[in-house]
Each structure stands twice: as C-alpha cells, then as structure tokens.
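Here's the letter readout for the chains.
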Amino acid sequence: MEDWGSMGKIVSSLLVVALGIAVFVAALAALYWLASRLKEPWRERARVAVFVGPALLLLLGLIIPAILNFRYGFYTKELVTLEDGTRRTVDKFVWFENYSEIFTNPANVKVLTNTLWWGIIVTSVSTFIGIVIARFADRMRGEPIAKALIFLPTAISLVGAGVIWNFVYSPRDYGLLNSLYQLLPGEQQTQFFLQDSKLFGIQNEWVPGLNTLLIMVVIIWIQAGFSTVVISAALKGVPDDLVEAAKIDGATDRQAFMRVVLPYIKGTIITVMTTTVLAVLKIFDIIQTMGKGGAFGTSTIANEMYEQAFPQNNEGLGAAWAVLLFLAVAPIVYVNARNQRAMREAG
Amino acid sequence: MTATLDPTLGGIEEPPKDETPVGTKIAEAASGRVGRIMVWLLAALWTVPTVGLLISSFRPEREIKTEGWWMWITDPLNITLDNYSGVLDNRVNGLPFSEFFWNSVRIAIPGAVIPIVIAAFAAYAFSWMQFKGRDWIFIGVVGMMVVPLQMCLIPLLRFFGSGFFPDALSGVATIWIAHAIFGMPLAIFLLKNFIGSLPREVMEAARVDGASHMTIFMRIVLPLSVPALASLGIFQFLWVWNDLLVAKVFGGGARNQPMTFAMVDMVGNKGNEWQLLTAGAFVMMIVPLIVFLSLQRYFVRGLLAGSVKG
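Note that the structure is a prediction, hence the values are computed from the model and not measured.

**Examining the confidence of the model for chain B**
All names here are of chain B.
Argument step 1. Per-residue pLDDT for chain B has a mean of 85; in total, 86% of the residues score no lower than 70.
Argument step 2. Here residues 1-15 scores under 50 on pLDDT; set against residues more than four positions off or in separate chains, the count is 5 contacts.
Argument step 3. Both confidence scores are given for the complex: pTM 0.88, ipTM 0.89.

**Examining the domain arrangement of chain A**
Argument step 1. Each domain of chain A was delimited in the assignment, giving domain 1 (2-72) and domain 2 (101-346).
Argument step 2. The C-alpha centroid of domain 2 of chain A is placed 37 Å from the C-alpha centroid of domain 1 of chain A.

**Quick look at the interface of chain B and chain A**
Argument step 1. Contacts between the two partners involve 84 residues from chain B and, on the opposite side, 87 residues from chain A.
Argument step 2. Residue composition of the side of chain B that touches chain A, by class: 62 nonpolar, 16 polar and 6 charged.

**A short note on helix α8 (residues 172-195) of chain B**
For an α-helix, 3.6 residues make a turn, and residues three or four places apart therefore share a direction.
Argument step 1. At B:Met184, α8(B) shows its maximal kink, close to 50°; a proline, B:Pro185, follows between one and four residues later.
Argument step 2. Counting buried residues in α8(B) gives 22 out of 24 residues, a clear majority hidden from the surface.

**Remarks on the pairing of strand β2 (residues 87-93) of chain A**
Argument step 1. The buried fraction of β2(A) is low, at 0 of 7 residues.
Argument step 2. Taking the residues that link successive antiparallel strands as the turn, the strand β1 (residues 75-81) of chain A-β2(A) hairpin has 5 residues, and the phi of A:Gly85 there is positive, at about 90°.

**Comments concerning unusual backbone geometry**
Residues and elements named next belong to chain A.
Argument step 1. Although it is not a glycine, Leu-194 sits at a positive phi angle of roughly 65°.
Argument step 2. The residue Leu-194 is located in the loop between α7 (176-182) and β3 (198-199) in this model.
Argument step 3. Notably, Asn-313 is not glycine yet its phi reads approximately 55°, a positive angle.
Argument step 4. Along the polypeptide, Asn-313 turns up in the loop between α13 (301-309) and α14 (315-346).
Argument step 5. Look at Asn-313 and you get exposed, because 10 C-beta atoms sit within 10 Å.

**Re the domain arrangement of chain B**
Residue and element names in this part refer to chain B.
Argument step 1. Segmentation of chain B into domains returns domain 1 (20-80) and domain 2 (87-306).
Argument step 2. Of note, the centres of domain 1 and domain 2, computed from C-alpha atoms alone, are 35 Å apart.
Argument step 3. At the junction of the two partners, domain 1 supplies 7 residues and domain 2 supplies 6 residues.
Argument step 4. Of all elements in the fold, only α2 (22-57) and α3 (61-66) reach the threshold of two or more residues within the side of domain 1 that touches domain 2.
Argument step 5. Looking at the side of domain 1 that touches domain 2, the element that brings in the most residues is α2, giving 4 residues.
Argument step 6. Here the side of domain 1 that touches domain 2 is composed, by residue class, of 3 nonpolar, 2 polar and 2 charged.

**Here's the deal with the nonpolar core**
Argument step 1. Counting residues in hydrophobic clusters, the biggest one holds 179 residues, and the most contacted among them are A:Ala55, A:Leu325, B:Ala119, B:Ala122, B:Met184, B:Leu191 and B:Met263.
Argument step 2. Here this core takes 20 residues from helix α5 (residues 97-128) of chain B, the largest share from any one element.
Argument step 3. Dropping the residues within four chain positions of it, A:Leu325 is found in contact with A:Leu281, A:Ile301, A:Ala302, A:Met305, B:Pro148 and B:Gln150.

**Some words on the environment of B:Leu156**
Argument step 1. Here B:Leu156 shows up in helix α7 (residues 150-160).
Argument step 2. The spacing of B:Leu156 and B:Arg297 is 141 residues in sequence and 35 Å in space, taken between C-alpha atoms.
Argument step 3. Apart from the residues within four sequence positions on either side, B:Leu156 is in contact with A:Gly61, A:Pro65 and B:Ala178.

**Observations regarding the pairing of β1(A)**
Argument step 1. Sheet topology note: the β1(A)/β2(A) ladder contains 7 bridges and is antiparallel. Pairing of A:Tyr75 across the sheet is with A:Phe93, part of β2(A).

**Description of the packing of helix α6 (residues 158-169) of chain A against helix α8 (residues 210-236) of chain A**
All names here are of chain A.
Argument step 1. In contact at an axis separation of 10 Å, α6 and α8 are set at 130° when each is read in the N-to-C sense. As summarised for this structure, α6 and α8 are arranged oblique, according to the angle between their axes. Two packed elements cross with a definite hand, and for α6 against α8 that hand is right-handed. Together, Ala-161, Gly-162, Trp-165 and Tyr-169 of α6 and Leu-214, Val-218 and Ile-222 of α8 make up the contact between the two elements.
Argument step 2. Here the contact of α6 with α8 is built from residues that sort into 6 nonpolar, 1 polar and no charged.

**Some words on helix α14 (residues 274-294) of chain B**
All names here are of chain B.
Argument step 1. In a regular helix each residue adds 1.5 Å, so 21 residues correspond to 30 Å; α14 covers 29 Å between its end C-alpha atoms and thus fits that length.
Argument step 2. Bending of α14 peaks at approximately 40° at the position of Met-285, with proline Pro-288 no more than four residues after it.
Argument step 3. Of all 21 residues making up α14, 15 are buried, and the element is well covered by its neighbours.

**Focus on the packing of helix α4 (residues 82-89) of chain B against α14(B)**
Residue and element names in this part refer to chain B.
Argument step 1. In contact at an axis separation of 8 Å, α4 and α14 are set at 85° when each is read in the N-to-C sense. Between α4 and α14, the interaxial angle falls into the category roughly perpendicular. Seen from α4, the contacting residues are Asn-83, Tyr-84, Gly-86 and Val-87; seen from α14, they are Gln-275, Leu-276, Thr-278, Ala-279, Gly-280 and Val-283.
Argument step 2. Along the lines of polarity and charge, the residues of the contact of α4 with α14 split into 5 nonpolar, 5 polar and no charged.

Cut-offs applied
Residues numbered from 1 in each chain as written. Chains lettered and ligands numbered in written order. Predicted model: local features only at pLDDT ≥ 70, side-chain atom pairs only at ≥ 80, totals over all residues. pLDDT = per-residue confidence, 0-100. Contact = placed C-beta atoms within 7 Å. Domains from an automatic or database assignment. Nonpolar A, V, L, I, M, F, W, Y, C, P; charged D, E, K, R; others polar. Bend = angle between axes of the 7 residues up to and from the residue. Helix = DSSP H or I, 4+ residues; strand = E, 2+ residues; numbered from the N terminus. Buried ≥ 20, exposed ≤ 12 C-beta atoms within 10 Å, placed from the backbone. Pairing = 2+ DSSP bridges. Core = buried A, V, L, I, M, F, W, Y, C linked by C-beta atoms within 7 Å. Axes fitted to C-alpha atoms, helices over the stretch in contact; angles between N-to-C directions. Parallel < 35°, antiparallel > 145°, perpendicular 65-115°, else oblique. Left-handed = near helix turned anticlockwise from the far one by under 90°. Expected span 1.5 Å × (residues − 1).

Okay, structure coming up:
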C-alpha cells in the first residue's frame, strides 16, 4: 500500500515540524531567560531582540533581494571564452538594454498592453457584477445561497479554475462553449479556443486578443465573488433612514441607490477595485494552466517575468520585468492604504 | 407596555401618504423581480462550469471523451470511481499523483504555521514592548507590502543555491522559508492590529504582578488572539495550498512539488485525458472546499484582511 507508506512519511514529517516549532518557541523562551540575566540597558534590548529578531531576519530576505533585483535588471548573461580556452557565462552590465528590449520588441509591448487590459477589463467588470449582485440579492429570499454559489470559486486555486475552464473551452464535442456555438443556425466551424491564435476566422493580432479575453472570463468568475461579498457587507452598513429620506424626497429605488447608497460606500468600492487590480497584475498561474505559459498572445508581466527568469534562464530580463511589476503595483498599494486609513477615520 | 402607540395597530395616526406615482411603483416592483431573476441566473451560470467538471469526474472514460457531460442526465446511474483511483496512481514525472497530495500537506501546514508564530512574537513587541525606533521599524515592515514577491525570486533563488545556505534545508524547507518571508509583512500588520488592541489594563495588571513579557505573551496574549490567529492561519494555509509560483521556483525537482505543479504538468502533457484531469482537479480542490464550507466566517474575514497580500 503505497498510500499508507507515504502517509506514514507525512505523519512523521509533520511530527518533525511540530517538534521543530516547539523547539523554536522553547529556544526563544530560553534566550529570553538568558536576556533577563543581563544588566541594563542590555537586558531590555536583548529581550526585544528575542521577540522581533526572527521576524526582522526573515524580512531581510525581502529587503536585500528586492534591492539586488534592481541591480540584476541592468545585467545580462554573456558567454565568453577565457584565455585558457574554456567558455563560461559572466554577468555583463548593459545599462537599460533589458528595459529597451521590453519597450521596443513588439512581442513584449503586447505583454505590457495585455496586462493593462487585464487591469481595466477584469477590475471594472468584476466590480460591476459585484455591485449588481449585492444590490439585487440584498434581503432577497435565499440570499446566502446565491451569494455562496457566486463566492465559491474564490476558495479554489487558479490552477483548479484553469482546469475547470479548459474543459468548458475544449474544442472537442464535450466542450460546452463549442457545443453552444454549434447550436447557432448554419454550419459552424469548430473553434480551437486557447489552442490557436486564429478564432472565428480572425487572426488574433488585435489587443487584447480573444484568447486573453477567454482567460479574463475565468478571473472575473473568481473575483466577482470577492467583490460581491465585500460590497454586500458594506450595503448592510448603510443606514436605513438615509435611503428612506431620499425616497420621501421622491427618489425612485434606482435613484436612491445611485445617488445615496453608492456614494456612501465609495470607500469600499475603491478597496475592491484596488485589491482586484493588485491580484490581476500578478496573474501567473492561470496563464500557465490555460495559455501554455503565454502562448497565442496570452502572456502578462508576471508570467513573462517567470518565463524569462527561469525556463529561459534570462535573469536580467526577468529582473527587469519584476521591476516593472513593482512600479505598477506600488502606487496601487499606496492608494489602497490611504483609502483604508480614510475609511477607518471616517468610522 | 411602552408608552408609544404603534400607529398600524392603533389606527390613531394617518399613515403617511405615498406620493410615488403608480407607474413608478410597478416599474420598481418589476425591476426588483428582474433583479432577483438575474441574481439567480448569474448564480446558476457561476456554478455550471464546476458542476460540469464534478459530474464528469464520476463518468466512465469512454463517455467523458465521446459526449458532453450534460448527457449524463440520460443515464444517471452510469457512474464510477475509477477516475479517482486512476488519477491517484497516475505518474507525473515518475511519481504517483497521491505523492503530490502529501507534498501539498507537507508544504502548506508548516508554510502557514511558521510565519504566524514568528509574526505573533513580533506583533507583541511592536504593541507592548518599549524600544527606540519602534514605530519607524513597524512602518518599514508594513511598507514592505509594496514589494511584489516577484522582485525577490531571482536573488533569493541565487542565495538558496549559493552554498552559503545549508544544503540540508533545500527542497520543501526552502518553500517554507520563502512563504514565511513573503507572508511576514501582512502577518505582522494584521496581528499587530489585533494584539495592539487588547485591553491595556490587562497587560499592566500582569506587569504589576511581576509577569515577564514571555509569560504575558504565552499565557494571556496567545489565548486571547485565537480568532485572529485562526483567520490568518486559514488564509495563509489556503494561499500556500493554492500556490504554484513559489513552489515552482524554490522547490527544485518534482519530488518536492505540490499538487498545483502536478496538475499544470498533466494539463501540458495529458491535456485531453479528462478522466484524469477532472478527478485530479477535485482531489486538489477538496481541501479548500472543505475549509470554505466549514469555516466560511473565518475564511471571509481572512480573505478581507489578506486581500492586499503581495
């Protein structure tokens, strides 16, 4: 029984981990006890170090690499022949060559524009769907069930979602989308979704491309649940008298919603949009699962970063893509943080 | 009995006259119904892809490959568990798929526990210990959330492979450490928010009684923080369980890889073997679905708090 053998292995390795964590905590306690034997001012400093030291050590693993990555973005690997005739790769400083490669090579420009469209289309559509569902499901019979069904995809991995939708898009007879397409009047050609850059007789040159749009549907499918749940929670916090007052002034349901409720939950909508943009900019797993790692015009910045840095072993270019991702993400994190603070201060 | 009269019962007060024109009222009622129908349509539409895959995973291979899953309705008793036993023994890179399931367990549990333990200590220090530069260091920690983990992949991988880092810690342990590093800023931020808001009087009373920071942390703060630790733990666990990128970069060979890796490999090499892919996907999703269905409240809280994760 192979399964039980590996299960034994698992149980033992989990025991090792549990033991490891217990030892780690005990070691911190012992260090703390040792620190308490020191003289002031060292005693208090050592105690603090025991508490924050491990975390700060791990954070060095974030700060130093992030700085090094800027540096790597200016280098490229070059094969050189040494005096003794051996050949080896060395890192060569190339200024902004990696960046000019990104901004001038049409294939890379397509990656940039793809990512931009990802941010615009997925964020606006999934937020819109979230608002619509949250509004109409509010106080509806069966509201929790409807919302749970829409929220369910949020729990599963992007890889799992990719498999689910690959099945929907399959060109075989069992592909749901193709089967629906065949129902249209007339003789319909089978479409090779995600497997051909030419769909419906259109060469997939225009941005963002049908294959990219098909993958976007999957992320909208996932993100809409998130926006629904967050916006729905905010809607329940809108005071009833506010809406009542608007209605007494003669506003219809729709007017009250558009002019009173939506402005009231503006902060929540900004939160939803910024978090969605952040998730979308880093889209990677789904491109690996559905776009064969960026084939047929489906690549994005985070996917290209991985493809260049690891399978292609072109670290300089990969590092440059990572820097661009950072430049795209940082301002949005900032807007998000400021918005969160404004919401907290507003109560 | 309260002194106020209920106007609907007593009939003393005239109910406020409804000025809304009848036409608008009908339109509103209709839009309400249209809205509800739309919600249910969307809910159904959202469920169809998953249900299709679920039904297929129980159908015999021949049926999966020759007709649409919706044809199941014509012969609903024609179901089997063969796909599930088949996928568990199916070899990916020479290893049975079941091995990858256990790898996911082996990666995700420590991958969630380690960073939370370390972050809890730090969050206590940032909340209740006095030291120079405390607030600035905390702002620096939180500021690290702007760094996408992609920035660290190449340099960290070089570091792990440099020989400076002990070989004994390669493989799964590198994945744990990477997840701990990437999860640290958010975990500290969230736990500091929670631990910092525990009542000051409790802490001060314990200090006056001569309790050390370590005792207060272990005996008072940790037990009080269970809800926060649970939400964060569930979020981090699912994040690691569902992760592909970090494992792919740091895990080395297939031996140390989680199920997400094995699935992507199967999609690439056996893309039309749907008897394997359907069952494999559900083996992979069963843990998140159980967590989702049983701990939905914690799940939502963790998701809301963690949605800004880099």
